Amino acid sequence: QVQLVESGGGLVQAGGSLRLSCAVSGRTFSIYPMAWFRQAPGKEREFVAAITGSGSTTDYADPVKDRFTVSRDNAKNTMALQMNSLKPGDTAVYYCAAKGLLRSDSVSRYSHTYDYWGQGTQVTVSS
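Now for a look at the structure at hand. (Residues numbered from 1 in each chain as written. Predicted model: local features only at pLDDT ≥ 70, side-chain atom pairs only at ≥ 80, totals over all residues. Heavy atoms only, no water.)

### Remarks on the state of the cysteines
Here a disulfide denotes a covalent bond joining the sulfur atom of one cysteine to the sulfur atom of another. Applied cut-off: When two cysteine sulfur atoms lie within 2.5 Å, the pair is treated as a disulfide. Helix and strand assignments come from DSSP, with helices taken as H or I runs of at least 4 residues and strands as E runs of at least 2, each series counted from the N terminus.
Under the criterion given, the structure shown has one disulfide. Across the disulfide from cysteine 22 sits cysteine 96; the S-S distance is 2.2 Å. Between cysteine 22 and cysteine 96 the sulfur-sulfur dihedral comes to about 55°; the bridge is accordingly right-handed. One end of the pair, cysteine 22, is in strand 3 (residues 18-25); the other, cysteine 96, is in strand 9 (residues 92-98), with 74 residues separating them in the sequence.

Dropping the structure here:
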C-alpha cells in the first residue's frame with residue numbers, strides 16, 4: 001500500500017522559486033527509487049528528475065539542470081523538488097512517482113518503469 005501525494009504547486013513569476021514535496025506512505029520507503037515528471041497541455045509527459053532510494057544518485061533532464069534540485073528525506077518519508085529560476089516553459093502538472101519492490105535501485109527516465117504515482121500538482125510560471 002504505497003501512496004504518493006504532491007504538494008507545493010502554485011503560481012509564480014518567471015525567475016522565482018518553488019518547492020514541491022511528495023509525501024509517501026507505505027512500507028520500506030527507502031528502497032524506492034523515485035522521480036518527478038511533468039506534463040504540459042498538449043504535450044507528452046516528460047522526465048524531470050530522479051533519485052535513488054538512498055538519495056546518493058540523482059539524474060536531471062537537460063532543461064532543468066542547474067535550476068532544479070531533487071532530494072529526499074527518508075526519515076520524513078518525503079521527496080522534494082526545489083525549482084529555481086523558473087521559466088514559463090516550466091508550466092505543467094508535476095507528478096511524483098516511485099518504483100515498486102521488483103525494480104532495481106537505479107534512476108530511470110522512463111515513466112513505464114515507475115509503479116506508483118501521485119495525483120499531480122499544478123505549477124504555473126507567469127512572464
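### Some words on the nonpolar core
Condition: What we call a nonpolar core is a set of buried Ala, Val, Leu, Ile, Met, Phe, Trp, Tyr and Cys residues that are connected through their side-chain atoms within 4.5 Å. Think of it in three bands: residues with accessible area under 20% of the maximum for their type are buried, residues over 50% are exposed, and the middle band is partly exposed, with areas taken using a 1.4 Å probe on protein chains only.
In this structure, Met34, Trp36, Leu81 and Tyr94 are the most contacted members of the largest nonpolar core, which totals 35 residues. Contributing elements (two or more residues each) for this core: strand 3, strand 4 (34-39), strand 5 (46-51), strand 7 (68-73), strand 8 (78-83), strand 9 and strand 11 (121-126).

### What to know about the pairing of strand 11
Using the following cut-off: Paired strands are those between which DSSP finds at least two bridges.
Burial of the side chains of strand 11 is restricted to one face: Thr121, Val123 and Val125 are buried, whereas none of Gln122, Thr124 and Ser126 on the reverse face is. Across four bridges, strand 2 (residues 10-13) lies against strand 11 in parallel orientation. Residue leucine 11 lies in a different strand from strand 11, and its bridge partner there is threonine 124. Of the strand pairs in this sheet, strand 9 and strand 11 are connected by three bridges, and their pairing is antiparallel. Bridge pairing in strand 11 links valine 93 to glutamine 122.

### Let's talk about the sheet that holds strand 7
The test is simple: Fitted lines through C-alpha atoms give the axes, limited to the stretch in contact for helices. The angle between two N-to-C directions lies from 0 to 180 degrees.
Pairing in this open sheet of four strands is antiparallel, and the strands run 1-3-8-7 from one edge to the other. Each of the sheet's edge strands pairs with one partner strand only, and the pair in question is strand 1 (3-7) and strand 7. The average angle at which neighbouring strand axes cross in this sheet is 15°, direction not considered. In this sheet, strand 8 lies alongside strand 7 in antiparallel orientation, the contact comprising six bridges. Each bridged residue has a counterpart across the sheet, and for threonine 69 the counterpart in strand 8 is glutamine 82.

### Remarks on the packing of aromatic side chains
In plain terms, the rule: Centre distance within 6.5 Å is the pairing criterion for rings of Phe, Tyr and Trp, where only the six-membered ring of Trp is used; planes under 30 degrees apart are then read as stacked, over 60 as edge-to-face, and the remainder as tilted. Placement of a charge over a ring requires the Lys NZ or Arg CZ to be within 6 Å of the ring centre, with the centre-to-atom vector within 35 degrees of the ring normal.
Evaluated as defined, the whole model comprises five aromatic pairs. When the ring centre of tyrosine 95 is taken as origin, the NZ or CZ atom of arginine 45, which lies over that ring, is 4.8 Å away.

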